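So you can see what is in the structure, the chains are spelled out below.
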Amino acid sequence: MKIFQREQRSLFGEILDWMLTPLLLLWPVSLALTWLVAQGIAGKPFDRALEYNVQALSQLLVVSQPHQAHFNLPLPARDFMRADDSDQVYYQVRGVRGELLSGDTDLPLPPPDEKPAEGPVHLRDDEMRGLDVRVAYLWVSLDLPGNPLALVQVAETREKRSVLAAEIIKGVMLPQFVILPLAVLLVWLALARGIQPLTNLADRIRARTSDDLSPLDEKAVPLEVAPLVSSVNDLLDRLTDSIATQKRFLADAAHQLKTPLAGLRMQADLAQREGTSTAELKRSLQQIGRSSVRATHTVNQLLALARAENGSVSLSLQLCDMARLTMDVVRDSVPHALEKRIDLGYDGAEPGSPGVQINVNPTLIKELVRNLVDNAINYTPAGGIITARVLADTDTPIGPISPIGRATPSVLLQVEDSGPGIPEAERVMVFQPFYRALGTEADGSGLGLSIVQEIARQHSAEVTLEDAHPGVSPPGTRVAVRFAQAGVV
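The following refers to the structure shown. (Residues numbered from 1 in each chain as written. Predicted model: local features only at pLDDT ≥ 70, side-chain atom pairs only at ≥ 80, totals over all residues. Heavy atoms only, no water.)

Thoughts on the nonpolar core
And step 1. Core analysis: the largest hydrophobic core is formed by 41 residues, its most contacted members being Met 322, Leu 368, Leu 372 and Val 481.
And step 2. Elements with a minimum of two residues in this core: α7 (322–339), β10 (357–360), α8 (362–379), β11 (385–393), β12 (410–417), α9 (448–458), β13 (462–466) and β14 (477–484).
And step 3. Element by element, the count of residues in this core is highest for α8, at 8 residues.
And step 4. If near-sequence neighbours (up to four positions away) are discounted, Met 322 is found in contact with Val 356, Ile 358, Ile 365, Val 369, Val 390, Val 411, Leu 413 and Phe 483.
And step 5. Among the nonpolar cores identified, the runner-up in size contains 19 residues, and Leu 57, Tyr 91, Val 93 and Leu 144 belong to it. (Core = buried A, V, L, I, M, F, W, Y, C linked by side-chain atoms within 4.5 Å. Buried < 20%, exposed > 50% of the residue type's maximum accessible area, 1.4 Å probe, protein only. Helix = DSSP H or I, 4+ residues; strand = E, 2+ residues; numbered from the N terminus. Contact = heavy atoms within 4.5 Å.)

Right under this line is the structure:
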């Protein structure tokens, strides 16, 4: 099966694209706008010249007897108007009845929808003899009865205008051809400088040794990169905790397995000696069996503690019946209790009873109950009594009181025994790994309550220790674990 990998993108290239693409797209738009502006700039001086010419021609329009309009254009003036090397100049003068008084006959008239009126010079674009022309025209009032209007027009082709507009465009475009590559270079350099802190950060991380998990300096990076560095620091903290847990597990395992393994080796050496009697050999084999059981128990508890400490990474919860889980563990532990002649039983809510359902990880909760029962069996003398119970407790709150002022319903697990009890001064220390109460000779590793505490913490449960029978000697021990009922927030 062919796997298609997503192409890795370059942050530098992507930012550069988003910066340069608008610049390159706006450049032709800028040229088009410049061309339009240049056309307007180039046309203004020539328009003023046309306006002057049409006003000058209007001054040559006179009225003679008998009430007839005449236009007299001297020959030198006519030659001067025609003496243009670039453009053709045309003029036209029409009388009050539209008759041609002088000039070019085919010069187009003003738009027919325009009403003749005396006033300023008008300008328009038109076409004459297949050429685009700019026309300036003026309606002139004559000194005749009714003040009729005569028309004076001057037209000029647009060659000089186009040449001047092209010169303006060249003057703008040529600097842009130099400025645009310079702008691209400056953007490139600025962007390279802007992402330099990322490169420096990568170099600092690459230069670290494999055991350096200290946090990165968030103040040495730009503000936009600080969340990324903060996330990396959070990952480093969790990695540090994970490595510390692994180291602690290895150290604890080495420490706790050293004694039973040394005992196994010593008993094996004694059994192999020459002249060893059958009774001594049997005794050595019994010691080997006890040491192997102790080593197996220690390994199982160490693995249970490691699993509990790492369970918070991906803790899978489901709805469970606490009474059923507890009864299953008690049933499995009966053979161990019978070996020590201990009365182990269950007294509490029946499976399926209302109020004993909780959202937990069943594997870890069974481990919690098993450690409580094993602890009680290990520390209770022969002939003792151990009772496990599950109660639906709606009167005692777990954690803070709810906002509506009522106690949060909970499920209470209790395991009590008739053993020597735990002095009040040591009830905090017994939750530490490998701590064992003074004066006890029971076989154990001191990990049971540590496992219970860790699993309870992951399920937001509370663990308490108290005397099972206050005022009686021995007082026994009652361990209570309080869970929130299913559906309670």
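Notes on the packing of aromatic side chains
And step 1. Counted under the stated rule, the structure contains 1 aromatic pair.
And step 2. A ring pair is formed by Phe 71 and Tyr 91, whose centres lie 6.3 Å apart and whose planes are at 40°; its orientation type is tilted. Taken together, the positions of Phe 71 in strand β2 (residues 68–71) and Tyr 91 in strand β3 (residues 89–94) put the pair 20 residues apart, joining distant regions of the chain. Accessibility assignment for this pair places Phe 71 and Tyr 91 in one class, buried. (Phe/Tyr/Trp six-rings, centres within 6.5 Å; stacked < 30°, edge-to-face > 60°.)

Some remarks on the side chain of Thr 380
And step 1. Note that Thr 380 resides in the loop between α8 and β11.
And step 2. On the accessibility criterion, Thr 380 (1% relative accessible area) is buried.
And step 3. A distance of 2.5 Å separates a polar side-chain atom of Thr 380 from the backbone oxygen of Ala 376.
And step 4. If we skip the residues at most four places from it in the chain, Thr 380 touches Lys 340, Ile 342, Ile 385, Ile 386, Asp 417, Ser 418 and Gly 419. (Polar contact = N/O pair within 3.5 Å; in protein donor to acceptor, adjacent residues only side chain to side chain.)

Observations regarding the pattern of salt bridges
And step 1. One pass over the full model with this rule turns up 20 salt bridges.
And step 2. If you follow the salt bridges from partner to partner, you end up with Asp 47, Asp 125, Arg 134, Arg 158 and Arg 161 in one network. (Salt bridge = Lys/Arg side-chain N within 4 Å of Asp/Glu carboxyl O.)

Some thoughts on the packing of helix α1 (residues 11–58) against helix α3 (residues 159–194)
And step 1. Where α1 contacts α3, the axes come no closer than 9 Å and their chain directions differ by 160°. The angle between the axes of α1 and α3 places the two elements in the roughly antiparallel class. For the pair α1 and α3, the crossing hand works out as right-handed.
And step 2. In the contact of α1 with α3, the residues fall into 30 nonpolar, 5 polar and 3 charged. (Axes fitted to C-alpha atoms, helices over the stretch in contact; angles between N-to-C directions. Parallel < 35°, antiparallel > 145°, perpendicular 65-115°, else oblique. Left-handed = near helix turned anticlockwise from the far one by under 90°. Nonpolar A, V, L, I, M, F, W, Y, C, P; charged D, E, K, R; others polar.)

Without other data, these values stay purely geometric and don't point to any function.
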